[in-house]
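Spelled out from the first residue to the last, the chains are:
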Amino acid sequence: MSDETPKKTGFFSRLFGREQPAPKPEEPAAPPPPAPVEPEPEEEPAAAPSAAEAPSAPEPAPEPSLIDELAAAEPVVTPPPPEPVSAPSAPVEPERIEPAPAAPVAVAAAEPAPKRSWWTRLKEGLSRSSSAIGGGITDIFTKRKLDADTLEDLEDILVQADLGVEVSTRIVEAVGKGRYGKDIAPEEVKSVLAAEVEKVLAPVAQPLVLDGGKKPFVILMVGVNGSGKTTTIGKLAAKFKREGKSLMLAAGDTFRAAAIEQLKVWGERTGSPVVARAQGADAAGLAFDALTQAREQNVDVLMIDTAGRLQNRAELMAELEKVVRVIRKIDAAAPHAVLLVLDATVGQNALSQAEIFGKIAGVTGLVMTKLDGTARGGILVALAAKFGLPVHFIGIGEGVDDLEPFEARDFARAIAGLE
Ligand SMILES: Nc1nc2c(ncn2[C@@H]2O[C@H](COP(=O)(O)OP(=O)(O)OP(=O)(O)O)[C@@H](O)[C@H]2O)c(=O)[nH]1
C-alpha cells in the first residue's frame, strides 16, 4: 500500500526543512455513482387546504445571503442513489394521512440477526478502514526504524484514510515523540494512534438525550440523498420502542414515493403511527400536521424524515428552512434535535455537508452511516476535529441492530485495528 503512495511533504520533512515537493494531489473523490434524479416538487402542494397549510402562506422569503452562499457552494460528490424499498411490492397510492397501524409488529421478528457483540460487529464493520490504516502501519513499521521517511509514510496513510491533515499531523508528532531513530513495533504505533484519535473523539461522543419534558420530543432528520435518513429513523424507532417510548413518524420525504413506503414499513415493524401524504406534497405542511397530531396523541417522540437534498441546491435547502420555521410555529423550541445523517463513503464531502446543513437547519448532532462499506471511516475524526458537533450514533449495516450510540474509545481502537 505504502509502496504505491506518492511522496509528499510530511510533517517531519516540514519540521526538518526538507526539500518541498509538489503539493499533494487532492484526495480522489468518492466513486461517482449514477446521479440520483430528484423529482422537483410541484411548486406548492396540490393537497386540499388544511389547517396545516395555513401557517405556511405568510412565510417570509428565505434569507438571501444564506441562499446565495449555498448557490456558490462547492460542487458535491453525488452520493449513492437511494435503494428501492425492498419490503412492499404493491404500488403506492397517494393518501392523505396514514392511520396508526393496529398491532405492533416485533422488530426482532423482522430482523432475526444472530446476536454478536457490538464490539465484534464494529470491528468487522470498520475492517475496510482499519485494514487501510492498520495494514499500512504494519507495512511501514515492520523492520524499519522510526525516521522522517517512515513518519511521512504514516502521515500519507492517515490523510488518505480521511482523518484530515491536522489530526494526522498530531498523530505523527505523538508517534515520533521520544522514539526518533528507534525501532517501534506496529502495535505500538496503533496504540498511539488509537489514543490520539480517542482524544479527538471523546468530546463529541455524546448520547442523544430525549428530554421527557418536551412532548413530543421532535427529531428532524436531514442529509443528502441516500445517506440513510429513513433507515436510521427505522433503527432509532426500534431502539426507542425498546426503551418504552411512544412514537410517531412523519414521512416528510415527499419527493420519493418509495421513501414514504419505506417509512411505513418501519412504522409497521415498530408499531409506530406514520403520518404521510401523497408524493410531491408540501413537506412543511406535513411536518405541521404531524406535530399537531403528535401533540394531540401525547406521544413521546416525533421523528420527521426529510427528502434528501444536495447541500449546494439552494432551493431545496430553502425548503428545509421552511420545514423548520413551520415546526416552530407550533413549538418555538422544536425541533429539539436536528440530526444530520452522513454517509461515511463520501469521505471529505461530509465536511461540506456538515457546514452547510449546520447553517441551514441548525444541526445539533450527527449520525454517521455506512461505516461498514468504506475505507474512509477516518472522516468521522476529521469532522470531530473541525466542527465539534456531537456524534450520537454510528451505522455499520442495514439491519435494525446495526446502529449504536457512538463510543470514542471503541471506535478509536477499532479503526486502529486493535483488539
Ligand atoms: N451498509 C449500510 N447501508 C446502510 C446503512 N444505513 C443505511 N444504509 C442503506 O443505504 C440506503 C439508503 O438509505 P435510506 O435510508 O433510504 O436513505 P435516505 O437518506 O432516506 O435516502 P433519500 O430518501 O433518497 O434521501 C439503503 O439501502 C439503506 O439500507 C449502514 O449503516 N450501512
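For the structure itself, consult the block above.
Residues numbered from 1 in each chain as written. Predicted model: local features only at pLDDT ≥ 70, side-chain atom pairs only at ≥ 80, totals over all residues.

Quick notes on the overall build of the protein
Phase 1 of the analysis: Scanning the protein for helices and strands turns up 15 helices and 8 strands.
Phase 2 of the analysis: When burial is assessed residue by residue, the protein has 48% of its 419 residues classed as buried.
Phase 3 of the analysis: Of all intrachain contacts in the protein linking residues separated by at least 6 positions in sequence, the fraction that spans at least 24 positions is 82%. (Helix = DSSP H or I, 4+ residues; strand = E, 2+ residues; numbered from the N terminus. Buried ≥ 20, exposed ≤ 12 C-beta atoms within 10 Å, placed from the backbone. Contact = placed C-beta atoms within 7 Å.)

A short note on the sheet that holds strand 5 (residues 337–343)
Phase 1 of the analysis: In space, the 8 strands of this open sheet follow the order 3-2-4-1-5-6-7-8, with mixed pairing throughout. Two strands in the sheet have a free side with no partner beyond their single neighbour: strand 3 (274–275) and strand 8 (403–405).
Phase 2 of the analysis: Pairing between strand 7 (residues 391–395) and strand 8: 3 bridges, direction antiparallel. In the strand pairing of strand 8, Phe393 is matched with Pro405.
Phase 3 of the analysis: Packing of helix 9 (residues 229–242) onto the sheet brings it into contact with strand 1 (217–222), strand 2 (247–250), strand 4 (301–304), strand 5, strand 6 (365–369), strand 7 and strand 8, and relative to strand 2 it is tilted by some 170 degrees. (Pairing = 2+ DSSP bridges. Axes fitted to C-alpha atoms, helices over the stretch in contact; angles between N-to-C directions.)

Notes on the pairing of strand 4
Phase 1 of the analysis: Burial along strand 4 is two-sided: Val301 and Met303 facing one way and Leu302 and Ile304 facing the other are all buried.
Phase 2 of the analysis: Summarising the sheet, strand 2 and strand 4 pair through 4 bridges and their orientation is parallel. Across the sheet, residue Met248 finds its bridge partner in strand 4, namely Leu302.

Some details on the packing of helix 6 (residues 148–160) against helix 7 (residues 165–176)
Phase 1 of the analysis: Helix 7 packs onto helix 6 with a crossing angle of 145 degrees between their chain directions and a minimal axis gap of 9 Å. Every pair of crossing elements has a handedness; the one defined by helix 6 and helix 7 is right-handed. Contacts between helix 6 and helix 7 involve Leu151, Leu154, Glu155, Leu158 and Val159 from the former and Val165, Ser168, Thr169, Ile171, Val172, Val175 and Gly176 from the latter.
Phase 2 of the analysis: Looking at the contact of helix 6 with helix 7 residue by residue, the class counts come to 8 nonpolar, 3 polar and 1 charged. (Left-handed = near helix turned anticlockwise from the far one by under 90°. Nonpolar A, V, L, I, M, F, W, Y, C, P; charged D, E, K, R; others polar.)

Structural notes on unusual backbone geometry
Phase 1 of the analysis: For the peptide bond that leads from Lys215 to Pro216, omega is 0 degrees, which places it in the cis range.
Phase 2 of the analysis: Its location among the elements puts Pro216 in the loop between helix 8 (186–201) and strand 1.
Phase 3 of the analysis: Residue Pro335 follows Ala334 across a cis peptide bond; omega there is -10 degrees.
Phase 4 of the analysis: Inspection of the secondary structure assignment puts Pro335 in the loop between helix 12 (314–330) and strand 5.
Phase 5 of the analysis: Unusually for a residue other than glycine, Asp162 sits at a positive phi of about 70 degrees.
Phase 6 of the analysis: Mapped onto the elements, Asp162 comes out in the loop between helix 6 and helix 7.
Phase 7 of the analysis: Backbone geometry at Asn298 places phi at a positive 60 degrees, although glycine is not the residue there.

Some points on the nonpolar core
Phase 1 of the analysis: Counting 116 residues, the largest nonpolar core has Leu249, Ala287 and Met303 as the members making the most contacts within it.
Phase 2 of the analysis: If sequence neighbours within four positions are ignored, Met303 has contacts with Ile219, Met221, Ile233, Leu236, Ala237, Leu247 and Leu249. (Core = buried A, V, L, I, M, F, W, Y, C linked by C-beta atoms within 7 Å.)

What to know about the pairing of strand 5
Phase 1 of the analysis: In terms of burial, strand 5 is largely enclosed, as 7 of its 7 residues are buried.
Phase 2 of the analysis: Of the two faces of strand 5, the one holding Ala337, Leu339, Val341 and Asp343 and the one holding Val338, Leu340 and Leu342 are both buried throughout.
Phase 3 of the analysis: As paired elements, strand 5 and strand 6 share 5 bridges and run parallel to each other. Looking across to strand 6, one finds that Leu342 is bridged to Met368.
Phase 4 of the analysis: Between the parallel pair strand 5 and strand 6, the chain is carried across by helix 13 (residues 349–361), and the sense of this crossover is right-handed. (Right-handed = clockwise from strand over helix to strand, strands pointing away.)

Observations concerning the packing of helix 5 (residues 127–141) against helix 8
Phase 1 of the analysis: Contact geometry of helix 5 with helix 8 gives a least axis separation of 9 Å together with a crossing angle of 135 degrees. Comparing the axis directions of helix 5 and helix 8 gives the class oblique. As for the relative orientation of helix 5 and helix 8, their crossing is right-handed in sense. Seen from helix 5, the contacting residues are Gly134, Ile137, Thr138 and Phe141; seen from helix 8, they are Pro186, Val189 and Lys190.
Phase 2 of the analysis: Grouping the amino acids of the contact of helix 5 with helix 8 by side-chain chemistry returns 4 nonpolar, 2 polar and 1 charged. (Parallel < 35°, antiparallel > 145°, perpendicular 65-115°, else oblique.)

Overview of the environment of Asp331
Phase 1 of the analysis: Within the secondary structure layout, Asp331 lies in the loop between helix 12 and strand 5.
Phase 2 of the analysis: We classify Asp331 as partly exposed; it has 15 C-beta atoms within 10 Å.
Phase 3 of the analysis: In sequence terms Asp331 and Lys214 are 117 residues apart; their C-alpha atoms lie 9.7 Å from each other.
Phase 4 of the analysis: Ignoring any residue separated from it by four or fewer positions in sequence, one finds Asp331 in contact with Val218 and Leu291.

Description of helix 14 (residues 379–387)
What sets the pattern is the α-helix's 3.6 residues per turn: residues three or four places apart point alike.
Phase 1 of the analysis: Every buried residue of helix 14 is accounted for by Ile379, Leu380, Val381, Ala382, Leu383 and Ala384.
Phase 2 of the analysis: The elements touched by buried residues of helix 14 are helix 7, helix 8, helix 13, strand 6 and strand 7.

Topic: the environment of Ala408
Phase 1 of the analysis: Here Ala408 shows up in helix 15 (residues 408–416).
Phase 2 of the analysis: Classification of Ala408 as buried rests on a count of 20 C-beta atoms within 10 Å.
Phase 3 of the analysis: As for Ala408 and Val391, which are separated by 17 residues in sequence, their C-alpha atoms are 9.4 Å apart.
Phase 4 of the analysis: Excluding residues within four positions of it along the chain, Ala408 makes contact with Glu198, Leu201, Ala202 and Ala205.

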